[in-house]
Amino acid sequence: MQACTAVVIALNGATSLEECLNALLAQGAPCLVMLGHGMEPAAAWQRRFPSIRFVDDDGSSVPVRRMRGVEAAGTELVALLEDSSVPGPHWFAAMRSAFASDTVAAVGGPVRIADDIGHRQQALGCCEFGRYHPSLMQASAHGRGDDAARSCTVDRLPGNNIAYRRTALLAVTESRDALIETVVNARLRAAGYLLAFDLAMAVDYRPCGSHGTRWIDRYRHGRLYGGNQAAGESVARRGLYLVKALLLPLVLSGRSLRRMTVAIPVRAWIGVGALVCWMETAWAAGEAVGTIAGVGGSVEDWNG
């Protein structure tokens, strides 16, 4: 079986990072941690986790830290986890076995949203990862006629729980400076590779901090997506994207609210639902601006 490294992108640090690392160590996963802004230095973390490599923050954005982590890992299989996400007990074994076919270039797994985190964090989880709830992905696998007990092929994967075949990834990466999964995954599919989803490669989304929950964070992510989508397109095509973006507050909110009813307890629906609509409106505003004006500084501002 090919060598693998789990690269953890630290967004929250503190107890989030500790919980994520303890879960990985229990599975025997080799780890590399890319620390974020304002966190304890690598030397301090190294004393607590001597078998893990830590890289100090240098002010780089999250996409840049991802790519530097891939390059530093050096193994053929590289998993990218965010410390807000705690891998389940079968995560490492499932991830490695999902690469049995050479045509699979990237693999992801379900994201369960913890019910004991704040409403803002739950709302962000519903917006970002609600589509990857285990029950929804299992239903999707049934609909495709795949083996619903384990895996299926998909067209998108969760950015907090994804692994790559390194040679395939580097072959489609034009710039080694940043790794944005939506862009890279589209290139992999265009090159003939498959994206796989393994139901046993599950994580629990349980951040200890508020990373990514501000209105401006959602706006910037929307602008990044809109700018990348419209890059190189004709004026007419950009116009169509802009019209779509104007409808997005309703469309995105509706989708995330439906997923919310599956992903979190009923008692939280009202509070979380209001925040979901607020966050999806921020995304839509960013996507509209990105369609017109490009990504701007969205990549550089994606940090934490």
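Structural data are supplied above this passage.
The residue numbers shown here count from 1 along each chain, following its written sequence. Owing to the predicted nature of the model, reporting of local features is limited to residues with pLDDT of at least 70; listing and counting of side-chain atom pairs is limited to 80 or more, with chain, interface and lining totals taken over all residues. The basis for every side-chain value is the complete set of non-hydrogen atoms in the structure, without hydrogens or water.

A.B. asks: Account for the packing of aromatic side chains, naming residues and giving values.
C.D. replies: Note on aromatic contacts: the rings of Phe and Tyr and the six-membered ring of Trp form a pair at centre separations within 6.5 Å, being stacked when their planes are under 30 degrees apart, edge-to-face when over 60 apart, and tilted otherwise. Scanning the model with the defined rule gives seven aromatic pairs in all. Ring-pair connections join several aromatic residues into one group, and the members of that group are W45, F49 and F54. Working rule: Lys NZ or Arg CZ, within 6 Å of ring centre, within 35 degrees of ring normal, means a charge sits over the ring. Of note, R48 hangs over the ring of W45, and the distance from its end group to the ring centre comes to 4.2 Å.

A.B. asks: Mind laying out the packing of helix α9 (residues 215-230) against helix α11 (residues 269-293), listing which residues take part and the relevant values?
C.D. replies: Axis definition: a line fitted to C-alpha atoms, over the contacting stretch in the case of helices. Angles run 0 to 180 degrees between N-to-C directions. Where helices and strands are cited, they refer to DSSP runs of H or I of at least four residues and of E of at least two residues respectively, numbered from the N terminus. In contact at an axis separation of 6 Å, α9 and α11 are set at 40° when each is read in the N-to-C sense. Along this stretch, α9 crosses α11, giving a crossing that reads as right-handed. Along its contact with α9, which presents W215, R218, Y219, H221, G222, R223, Y225, G226, G227, Q229 and A230, the element α11 presents W278, M279, E280, A282, W283, A285, G286, E287, V289, G290, T291 and A293. Only Asp, Glu, Lys and Arg are considered charged in this grouping, and only Ala, Val, Leu, Ile, Met, Phe, Trp, Tyr, Cys and Pro are considered nonpolar; every other residue, Gly among them, is considered polar. Split into classes, the residues belonging to the contact of α9 with α11 amount to eleven nonpolar, eight polar and four charged. The crossing is said to be left-handed when, going from far helix to near helix, the turn is anticlockwise and less than a right angle, and right-handed when the turn is clockwise. The contact criterion used throughout is that any non-hydrogen atoms of two residues lie within 4.5 Å.

A.B. asks: Run through helix α1 (residues 14-26), naming residues and quoting values.
C.D. replies: Here the expected length of a helix is defined as 1.5 Å per residue gap, with one fewer gap than residues. Between its first and last C-alpha, α1 extends 19 Å over 13 residues, near the 18 Å set by a 1.5 Å rise per residue. Classification of residues uses two cut-offs on accessible area relative to the type maximum, computed with a 1.4 Å probe and protein chains only: under 20% is buried, over 50% is exposed, and between them is partly exposed. Three or more residues of α1 are buried, namely S16, L17, C20, L21, A23 and L24. Considered in projection along α1, the buried side chains sweep an arc of 160° and stay on one side of the axis. The arc under discussion is defined with respect to the helix axis, by the directions toward the C-beta atoms.

A.B. asks: Could you give me a rundown of the pattern of salt bridges, with the residues and numbers involved?
C.D. replies: Salt-bridge detection follows one rule: a side-chain nitrogen of Lys or Arg within 4 Å of a carboxyl oxygen of Asp or Glu. Overall, the coordinates contain 13 salt bridges when judged by the stated rule. With a shortest N-O distance of 2.8 Å, R48 and E18 are connected by a salt bridge. Residue R48 is located in helix α2 (residues 42-48), and its partner E18 is located in helix α1; the two are separated by 30 residues in the primary sequence. Between R206 and D116 there is a salt bridge, with its nearest N and O atoms 2.9 Å apart. With R206 in the loop between β11 (203-205) and α9 and D116 in the loop between β7 (111-113) and α5 (119-129), this pair connects stretches of sequence that are 90 residues apart. Looking at R206, the relative accessible area reads 24%, which means it is partly exposed. Taking relative accessible area as the criterion, D116 reaches 53% and is therefore assigned exposed. Shared partners join several salt bridges into a network, and the residues in it are E18, E40 and R48.

Keep in mind that these numbers describe shape and distance, not what the molecule does.
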